Amino acid sequence: MVSVIPVKEKKLIDDVKIGELPSWILMWDFTPKGIAGMFQRGYYKFFLTYVNVKKGNVPGISMVLAAYEFFNYFLSYKELKHEQLHKYH
Amino acid sequence: MNENLFTSFASPTMMGLPIVTLVILFPSMLFPSPSRLINNRLTSIQQWLIQLTSKQMMLMHNHKGQTWTLMLMSLIMFIGSTNLLGLLPHSFTPTTQLSMNLGMAIPLWAGTVAMGLRHKTKASLAHFLPQGTPSPLIPMLVIIESISLLIQPMALAVRLTANITAGHLLIHLIGGATLALISISMISALITFIILTLLTILEFAVALIQAYVFTLLVSLYLHDNT
């Protein structure tokens, strides 16, 4: 499936078709500066849509804290597996 | 049970790679820098709190001591946010590690002492002898005062480590006890749960207080030496 606009010029994930997803991912800038730019853009995207709003409230930071907690649970899952209430471990 | 208690204090690793640096850097993401005159609510609340704390803490210093404002404010923000984030379940608190607290305490204390010795040599050496001591006691008192000076960074680091670690351990233990008691007797489980709630409230306070105490003591040492 060939698209009208070449893959090189598509920045957002909404414009890419599933068939060209691998080539789109390979198009990313994997230099340190590019990766730093990825994190920076992601951070500002989140910050501007959820925190930096006129009537921002608890959900802004609590989403971050919930994600942080899930991340920590994911990291300590191996030790916690033994404490679950299963009959057979 | 014995091994489980202390695994939460181990350095966090993700698939064998240590990510402890990322965990230490995470609280800085929660403090957005103000970009305008009037910011969003989160930034405004943080700005207000920082102004309140800095006025409260730096008023007692002279001009030379007030150059340390940035250092002390970032210190209290870091310790406070790290301790508070450590109260989330399963999270890793960097301030439970003695290595990190020593790394914070020793340079700051040494900085204040070095500053005092450099700018006000006579006055900082005079701190070794309190006023009005009888003459026979002088040698002993100098030794005691110098020991108390040298123990300051150790006390700073160990105080923070011990308080936070003890609090986390208590929460683990009492939480485990509550879970175990549910199947035995519901009433005692309820009492233990109330104890757990009170303990968690205490831990919130301790998290903030420890940050405050650490910073206050450093500023006190600074005051003595400027």
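Along every chain, residues carry numbers that run from 1 in the direction the sequence is written. To read the labels, note that chains go from A and ligands from 1, taken in the order they are written. Since the coordinates come from a predicted model, pLDDT governs what is reported: local features require at least 70, and pairs of side-chain atoms require 80 or more to be given and counted, while whole-chain, interface and lining totals use all residues. Each side-chain value is derived from all of the structure's non-hydrogen atoms; neither hydrogens nor water enter the calculation.

## Some words on the overall build of chain B
On a plain count of helices and strands, chain B comes out with nine helices and two strands. Oriented by its inertia axes, the alpha-carbon framework of chain B measures out at about 70 × 55 × 40 Å. In this scheme, a residue with accessible area under 20% of its type's maximum is buried, one over 50% is exposed, and one in between is partly exposed, where area comes from a 1.4 Å probe on protein chains only. The burial tally for chain B puts 36% of its 226 residues in the buried class. By definition in these notes, contact holds between two residues if any of their heavy atoms fall within 4.5 Å. The contacts of chain B with a sequence gap of at least 6 include a subset with a gap of at least 24, amounting to 69%. Where accessible areas are quoted, they stem from the Shrake-Rupley method and a 1.4 Å probe; at the residue level, only the protein chains shown are allowed to cover. Entry remark: accessible area of chain B is about 13,200 Å², with carbon and sulfur atoms responsible for 74%. In chain B, the 8 positive side-chain charges and the 4 negative ones have mean positions that sit 23 Å from each other. Strands here are runs of E lasting at least two residues and helices are runs of H or I lasting at least four, both read from the DSSP assignment and numbered beginning at the N terminus. Under this rule, positive means Lys or Arg and negative means Asp or Glu; His and the chain ends count for nothing. Positions of charges follow a simple convention, taking NZ of Lys, CZ of Arg, CG of Asp or CD of Glu.

## Examining the nonpolar core
What makes a nonpolar core is a set of buried Ala, Val, Leu, Ile, Met, Phe, Trp, Tyr and Cys residues whose side-chain atoms join them at distances within 4.5 Å. Ranked by internal contacts, the top residues of the largest apolar core, which has 26 residues, are B:L72, B:L75, B:I79, B:M104, B:L156 and B:F214. Elements represented by at least two residues in this core include exactly α3 (41-58), α4 (69-85), α5 (98-119), α8 (152-182) and α9 (186-225) of chain B. Apart from the residues lying within four places of it in its own chain, the contact partners of B:L75 are B:M104, B:L108, B:F214 and B:T215. Counting residues in each nonpolar core, the second largest holds nine residues, with A:Y68, A:L75, B:I19 and B:F92 among its members.

## Side note on a nonpolar patch on the surface
All names here are of chain A. A cluster of nonpolar residues, L21, I25, W28, F30, I35 and F39, forms a patch on the protein surface that exposes about 570 Å² of accessible area. Those elements giving two or more residues to the nonpolar patch turn out to be α1 (21-26) and α2 (32-51). Mapping F30 onto the fold places it in the loop between α1 and α2. Patch rule: a residue counts if its relative accessible area is over 30% and it has no salt bridge; like charges are joined within 9 Å, and nonpolar side chains (Val, Leu, Ile, Met, Phe, Trp, Tyr) within 5 Å. For salt bridges, the criterion is a side-chain nitrogen of Lys or Arg within 4 Å of an Asp or Glu carboxyl oxygen.

## Overview of α5(B)
All names here are of chain B. Take the residue count of a helix, subtract one, and multiply by 1.5 Å to get its expected span. Compared with an ideal rise of 1.5 Å per residue, which puts 22 residues at 32 Å, α5 spans 31 Å between its outermost C-alpha atoms and is within 8% of the ideal. Those residues of α5 not exposed but buried are M100, N101, M104, A105, L108, W109, T112, V113, M115 and G116. Check the buried side of α5 and you find it contacts α2 (20-25), α4, α6 (121-126), α7 (138-150), α8 and α9.

## Thoughts on the UniProt feature "transmembrane region" (unreviewed entry) in chain B
Residues and elements named next belong to chain B. In this numbering, the UniProt entry assigns the feature "transmembrane region" (unreviewed entry) to residues 12-31, 67-88, 100-117, 137-158, 170-195 and 201-222. Helix makes up 100% of residues 100-117 and strand 0%, with an end-to-end C-alpha separation of 26 Å. Overall, residues 137-158 shows 91% helix and 0% strand. The separation of its end C-alpha atoms is 30 Å. UniProt positions are given in the numbering used here, feature names are shortened, and annotations may be inferred rather than shown by experiment.

## Regarding the packing of aromatic side chains
Ring pairs shown here join Phe, Tyr and Trp side chains whose ring centres sit within 6.5 Å, with only the six-membered ring taken for Trp; geometry is labelled stacked below 30 degrees between planes, edge-to-face above 60, and tilted in between. For the structure on display, the rule yields three aromatic pairs over all chains. Ring geometry for A:Y68 against B:F26: centres 4.2 Å apart, planes inclined by 5°, an arrangement best described as stacked. Separated into two different chains, A:Y68 in helix α3 (residues 58-75) and B:F26 in the loop between α2 and α3 make up a pair that spans both. Both residues of the pair, A:Y68 and B:F26, belong to the buried class.

## Examining the interface of chain B and chain A
Residue-level contacts link 19 residues of chain B with 22 residues of chain A. We define buried area as the total accessible area lost by two parts upon association, computed with a 1.4 Å probe and summed across both. It is B:N40, B:R41 and B:H90 in chain B that bury the most area against chain A; as a group they hold 31% of the surface buried on that side. Counting across the interface, chain B meets chain A through zero salt bridges. Any pair of N or O atoms that falls within 3.5 Å is considered a polar contact. Within protein, one atom must be able to donate a hydrogen and the other to accept it, and sequence-neighbouring residues count only if both atoms are side-chain atoms. The interface formed by chain B and chain A contains one residue pair in polar contact (both at pLDDT 80 or more).

## Comments concerning the packing of α4(B) against α5(B)
All names here are of chain B. Axis lines are fitted through C-alpha atoms, for helices just across the contact stretch, and the angle between N-to-C directions can take any value from 0 to 180 degrees. The geometry of α4 relative to α5 is characterised by a closest axis approach of 13 Å and an angle of 165° between their N-to-C directions. One way to sum up the angle between α4 and α5 is to call them roughly antiparallel. As α4 runs across α5, the sense of the crossing is left-handed. Residues M71, L75, F78 and I79 of α4 lie in contact with α5, whose contacting residues are M100, M104 and L108. For classification purposes, an angle smaller than 35 degrees is called roughly parallel, one larger than 145 roughly antiparallel, one from 65 to 115 roughly perpendicular, and anything else oblique. Handedness of a crossing is defined here by the sense of rotation of the near helix relative to the far one, left-handed for an anticlockwise turn of less than a right angle and right-handed for a clockwise turn.

## Thoughts on the packing of α2(A) against α3(A)
All names here are of chain A. Contact geometry of α2 with α3 gives a least axis separation of 8 Å together with a crossing angle of 140°. Overall, the two elements α2 and α3 adopt an arrangement that is oblique. Across the interface between the two elements, F46, Y50 and V51 from α2 touch G60, M63 and V64 from α3. Following the grouping adopted for this structure description, the nonpolar residues are Ala, Val, Leu, Ile, Met, Phe, Trp, Tyr, Cys and Pro, the charged ones are Asp, Glu, Lys and Arg, and the polar ones are all others, Gly among them. For the contact of α2 with α3, the class distribution of residues is five nonpolar, one polar and no charged.

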